[in-house]
Amino acid sequence: MIIEPRTRGFICLTSHPKGCEQNVIDQIEYVKSKGTIDGAKKVLVIGASTGFGLASRITSAFGSGASTIGVFFEKPPSEGRPASPGWYNSAAFEKEANKAGLYAKSINGDAFSNEIKKQTLDLIKADLGKIDMVIYSLASPVRTHPDTGVKYKSVLKPIGGKFQNKTVDFHTGVISEVSIEPAQGDDIENTVAVMGGEDWKMWIDALKKEELLSEGFTTIAYSYIGPSLTEAVYRKGTIGRAKDHLESTAFAITDSLKPLNGNAYVSVNKALVTQASSAIPVIPLYISLLYKVMKEEGIHEGCIEQIQRLFQDRLYADNMPTDDQGRIRIDDWEMRDDVQAKVAELWKLATTESLPKIGDLKGYEKDFFNLFGFMVDGVDYDLDVNEMVEIPGLQ
Ligand code: NAI
Ligand code: NA
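Residues numbered from 1 in each chain as written. Chains lettered and ligands numbered in written order. Predicted model: local features only at pLDDT ≥ 70, side-chain atom pairs only at ≥ 80, totals over all residues. Heavy atoms only, no water.

**Brief notes about the site of ligand 1**
Stage number 1. Surveying the vicinity of ligand 1 reveals 29 residues, the closest of which are S49, T50, A111, K243 and T274.
Stage number 2. In this structure, an oxygen atom belonging to ligand 1 sits 3.4 Å away from a main-chain N or O atom of Y222.
Stage number 3. In isolation ligand 1 exposes 840 Å². Once the protein is present, 92% of that is buried.
Stage number 4. Counting residues per element, the ones that place at least two in the shell around ligand 1 are helix 2 (51-64) and strand 11 (213-223).
Stage number 5. Here the shell around ligand 1 is built from residues that sort into 14 nonpolar, eleven polar and four charged. (Near = heavy atom within 4 Å. Polar contact = N/O pair within 3.5 Å; in protein donor to acceptor, adjacent residues only side chain to side chain. Areas by Shrake-Rupley, 256 points an atom, 1.4 Å probe, with all protein chains shown as cover. Helix = DSSP H or I, 4+ residues; strand = E, 2+ residues; numbered from the N terminus. Nonpolar A, V, L, I, M, F, W, Y, C, P; charged D, E, K, R; others polar.)

Below, the structure written as C-alpha cells:
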C-alpha cells in the first residue's frame, strides 16, 4: 500500500515501514562511524522501540557488539493498517542486528505488568544467563499497578498556581497563550506512580532475585531538567515530581546492588522531539527555539548523538563526571549559559509572524514526521510498501 501521514492533534496515526527502517539504518551508521565502545555485552532495554531507548539499544549493539533484549509496547500491523512506528523500528533493528551476527530478541507488551517481567526474565535465563546492563527508558501516560490493579494516569500540570505562557501548534505555526490549571487531588501521586522510579526498582529487584545480574551490573534511566522557561510545567510541575522520584530511586537501587558492586545512574538528557515530548505544552515552542540556536552553534544533537556521547564520554569513560546530585549530564550543551540566554531572548520575540524566522519550526516538523517514518531522506513515498512487517525475534 501507499502510506501517507494522517495526523490528529499531537499524534500521527500512520507510520511508514521504509522510513522507520531508514531512520534505524542511519542511526546504526552513525554509531558505527564513531568507533567501538568498550561497554556492556548483554543488555536489556525497557522502552526499546523509539526515542532514547531505541538509540540506547542501537548504541549497545552496534557500538559495543552487545546482545540485546528489547521490551516495548507497540501496535502490530493489520491488513491495510500500518503498525505503530516502534514496531517497524524494532523490525528494522533486529534485521540489521541479525545481519551483523548480533543476538536480538524483543517482547511486546506492558512492561509494568508481572507477566511481561516474568516473560523477560525467562528469556534472559534461557538465552543470556546474566545481564550486564538495564536501560530503563519508558515514557507512558498510564500505568496499571501490578500488585493492586489500580490504573494511574499521569498529568502535565504546574504545582501551586496556574501557569500561563506562550505555546505553539507546530502543525500550523500559530502561537497562542496557554493557561494550565494547577495540580489538584491525587495528580502528583498519580504522575509519580506512572513516571517515577517504582517500576524501575521492581525490574531490578526481580532480576536480582533470580540472580540474573552480573558482577558490576549497571542500570540507567533518563531524566530531564530544562530551563526556567519551562520549569513551571516541567521540572517544578507534576512530571518533575516523578523525575525527582526516579532520581532518588537510583540511590535506592545502587544500595541494593552493593553485593554485586553494581550501580544505578540517571542521565539528564537534552530536550528532543519524541512522541512523549510533543504532547507537553510549551515544550514544542521551547524546542523549536532551542534547535535554532543549537544548530547555529553547531551543537545540535538527536537521540542517537546524545546516547552515543553518553556511552562514549560518560558511562564508559575513565572518569565519569556527575553533578552535585550524582546525575550524569548530557544536557550540558542545551544548558550552556550562552545557549539559554539566546533562547530566552528569542522567547520574548516569538510570535506567529516571527517564529518562522527566529525558530526552527521546520526542523521541529521534520523531526516529528521522522518519528513516524515520514519526510525521511532517501525514501520514495510513491512506492508501494508492505505494511505487514514482522519482527524476526519477537517472543
Ligand atoms: P518515547 O515515547 O520515544 O519512548 C517510549 C518507549 O516506552 C517506547 O519504546 C514505548 O514502546 C515504551 N513504552 C511505553 N509504555 C510502555 C509500556 N506500558 N510497556 C512497555 N513499553 C512501553 O519517549 P522518550 O522521549 O524516548 O522517553 C524515554 C525517557 O527519556 C523518558 O523517561 C523521558 O522522560 C526521558 N527524556 C525525554 C526527553 C525528551 O525530550 N524527549 C528529554 C530527557 C529525558
Ligand atoms: Na525510549
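The rest of the description comes next.
**Examining the UniProt feature "binding site: substrate" (unreviewed entry) in the protein chain**
Stage number 1. Within this numbering scheme, the UniProt entry marks Y224 as carrying the feature "binding site: substrate" (unreviewed entry).
Stage number 2. With respect to the element layout, Y224 can be found in the loop between strand 11 and helix 7 (228-231).
Stage number 3. Other than its neighbours up to four places away in sequence, Y224 contacts Y234, R235, K243, V268, N269, K270, A271, Y286 and E334. (UniProt positions renumbered as here; feature names shortened; annotations may be inferred. Contact = heavy atoms within 4.5 Å.)

**Some words on the packing of helix 2 against helix 3 (residues 85-99)**
Working note: a packed helix pair is described by the angle between its axes plus the distance between those axes.
Stage number 1. One way to put it is that helix 2 packs onto helix 3 with a least axis distance of 11 Å and a crossing angle of 0 degrees. The pairing of helix 2 with helix 3 is recorded here as roughly parallel in orientation. Every residue of helix 3 that contacts helix 2 at L54, R57, I58, A61 and F62 is listed here: N89, F93, E94, E96 and A97.
Stage number 2. Of the residues belonging to the contact of helix 2 with helix 3, the class tally is six nonpolar, one polar and three charged. (Axes fitted to C-alpha atoms, helices over the stretch in contact; angles between N-to-C directions. Parallel < 35°, antiparallel > 145°, perpendicular 65-115°, else oblique.)

**Thoughts on the coordination of the sodium ion (ligand 2)**
When a metal holds four donors in a tetrahedron, each ideal angle between them is 109.5 degrees; when it holds six in an octahedron, the ideal angles are 90 or 180 degrees.
Stage number 1. Here the sodium ion (ligand 2) is held by the protein donor atoms G47 (O), T50 (O), G53 (N), S137 (O) and S137 (OG), which lie 2.8 to 3.1 Å from it.
Stage number 2. Within one chain, the residues donating to the sodium ion (ligand 2) are spaced in sequence as G-x2-T-x2-G-x83-S. Pair noted here: G47 is in the loop between strand 3 (42-46) and helix 2 and S137 is in the loop between strand 6 (131-136) and strand 7 (142-144), with a separation of 90 residues, a long-range link.
Stage number 3. A relative accessible area of 10% means that G47 is categorised as buried. (Donors = N, O, S within 2.8 Å, 3.2 Å for Na, K, Ca; no water. Buried < 20%, exposed > 50% of the residue type's maximum accessible area, 1.4 Å probe, protein only.)

**Structural notes on the UniProt feature "domain: Trans-2-enoyl-CoA reductase-like NAD(P)H binding" (unreviewed entry) in the protein chain**
Stage number 1. What UniProt calls "domain: Trans-2-enoyl-CoA reductase-like NAD(P)H binding" (unreviewed entry) maps, in this numbering, to residues 2-79.
Stage number 2. Each end of residues 2-79 is marked by a C-alpha atom, and these two atoms are 13 Å apart; helix forms 40% of the span and strand 19%.

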